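The residues making up each chain are set out below.
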Amino acid sequence: MPSIQIRKLGDALGAEVSGVDLSRPLREGAFAEIRKAWLDHLVLRFREQALSDPQLLAFSRLFGELDPPGPNPYGKPFLPEHPEMNVISNIVAGGAPIGGLGDGEAIWHADMTYVDSPPMAAILYALEVPPSGGDTWWANMVLAYQELPAGLKRRVEGRKAVHDATYNSAGIMRKGYQEVTDPRKAPGAQHPLIRVHPETGRECLFLGRRRNSYIVGMELDESEALLDELWAHATQDQFTFCQQWKAGDVLIWDNRCTLHRRDAFDPNARRLMHRTQIKADRLPV
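So, here's what we can say about the structure.

What counts and what doesn't
Residues numbered from 1 in each chain as written. Predicted model: local features only at pLDDT ≥ 70, side-chain atom pairs only at ≥ 80, totals over all residues. Heavy atoms only, no water. Salt bridge = Lys/Arg side-chain N within 4 Å of Asp/Glu carboxyl O. Helix = DSSP H or I, 4+ residues; strand = E, 2+ residues; numbered from the N terminus. Buried < 20%, exposed > 50% of the residue type's maximum accessible area, 1.4 Å probe, protein only. Expected span 1.5 Å × (residues − 1). Phe/Tyr/Trp six-rings, centres within 6.5 Å; stacked < 30°, edge-to-face > 60°. Lys NZ or Arg CZ within 6 Å of the ring centre and 35° of its normal. Core = buried A, V, L, I, M, F, W, Y, C linked by side-chain atoms within 4.5 Å. Contact = heavy atoms within 4.5 Å.

## Concerning the pattern of salt bridges
Argument step 1. What the rule picks out here adds up to 17 salt bridges.
Argument step 2. Here Asp111 ties to Arg275 by a salt bridge, and the two come within 2.7 Å at their closest N and O atoms. Of this pair, Asp111 sits in the loop between β8 (106-109) and β9 (121-128) while Arg275 sits in strand β19 (residues 272-278), and the two are 164 residues apart along the sequence. Judged on exposure class, the residue Asp111 and its partner Arg275 are both buried.
Argument step 3. Note that Arg155 is salt-bridged to Glu229, the shortest N-O span being 3.0 Å. A residue pair is termed long-range when its members are at least 10 positions apart, and Arg155 in helix α4 (residues 150-156) and Glu229 in helix α5 (residues 220-234) qualify at 74 residues.
Argument step 4. Taking relative accessible area as the criterion, Arg155 reaches 41% and is therefore assigned partly exposed.
Argument step 5. With a relative accessible area of 37%, Glu229 lands in the partly exposed category.

## Regarding helix α1 (residues 30-41)
Argument step 1. Taking 1.5 Å per residue, twelve residues should reach 16 Å; α1 reaches 16 Å between its end C-alpha atoms and fits that length.
Argument step 2. Phi for Leu42, located one or two positions after α1, is positive at around 75°.

## Section: the packing of aromatic side chains
Argument step 1. Considering all chains together, one arrives at six aromatic pairs under this definition.
Argument step 2. Judged by centre distance (5.7 Å) and plane angle (80°), the ring pair of Phe46 and Phe59 falls under edge-to-face. Here the residue Phe46 occupies a position in strand β3 (residues 43-46), and Phe59 occupies one in helix α2 (residues 53-61), the gap between them amounting to 13 residues.
Argument step 3. Classification of Phe59 by relative accessible area gives buried; the value is 3%.
Argument step 4. Grouping aromatic residues by their ring pairs yields a cluster made of Phe31, Trp38, Phe46, Phe59 and Phe63.
Argument step 5. We note Lys153 situated over the ring of Tyr145; from NZ or CZ to the ring centre the distance is 4.5 Å.
Argument step 6. Taking the ring centre of Tyr167 as reference, the NZ or CZ of Arg211 above it sits at 3.6 Å.

## So, the nonpolar core
Argument step 1. Core analysis: the biggest nonpolar cluster contains 40 residues, and Trp138, Met141, Leu205, Leu207, Leu230 and Leu259 have the highest contact counts within it.
Argument step 2. Counting residues per element, the ones that place at least two in this core are β9, β10 (136-140), α3 (141-146), α4, β14 (203-205), α5 and β17 (250-254).
Argument step 3. The element contributing the most residues to this core is α5, with five residues.
Argument step 4. Those residues in contact with Met141 that lie beyond four places of it in its chain are Cys204, Leu205, Leu207, Ala234, Cys257, Thr258 and Leu259.
Argument step 5. Counting 32 residues, the second-largest nonpolar core is a separate cluster that includes Leu22, Ala37, Leu57 and Val87.

Structure below.
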């Protein structure tokens, strides 16, 4: 068996893992290497993989218990035979979308932070990709916190923010919600703006998404101004890595300490990805 090799992809975060076929059971000790690399680099990429849905699910379960997808605008799973798996796609079949998020931009966000226990990780497997566009960017919130100006750090210390549940990252309203005009009344969980990573002990910013966010206990205009400062800082290029997808790519990221976004792409091109996520901070047995 070839040994696992790990190569950094960006200065801020990201690494490529080679020498592993995720469709087969991992050799002894291999998963421990993968998990350590994931904690070190926050985003891992595996190229040239060929996985069935059950194989993707089996790999995902190595990281912990699976978390079902959040509600989509259509109100039912895209894969009824695998309801714990989500589909990200712009493809329409029989007059209905086969997946979510379409072909537009998906703005910076962390996944499902509008619930009390957001997933700790997500895995995305590329089945079809457009010839250009649709790139995904990740930002390192550990590094963003470390580089936060001292004055800004003091202003957010001990503060919590509301994480709105109304809209997904493509700006589409989720089924069962109503338009929000006042962020102070947005439905969703409250989380500290600074959190401690439960496995590494590193402090990081925890921002969720910008739309309808609100810092608890502040005047709305003060909250808006402070959030704008935080987001402008956290999404600087120096904290990011860009993934240009190829079919067969599998990426896993740490949802506890990263943000991600997606570029728009040609609506006439096809993009199809299967996605899983891991429940919050549950270490595998």
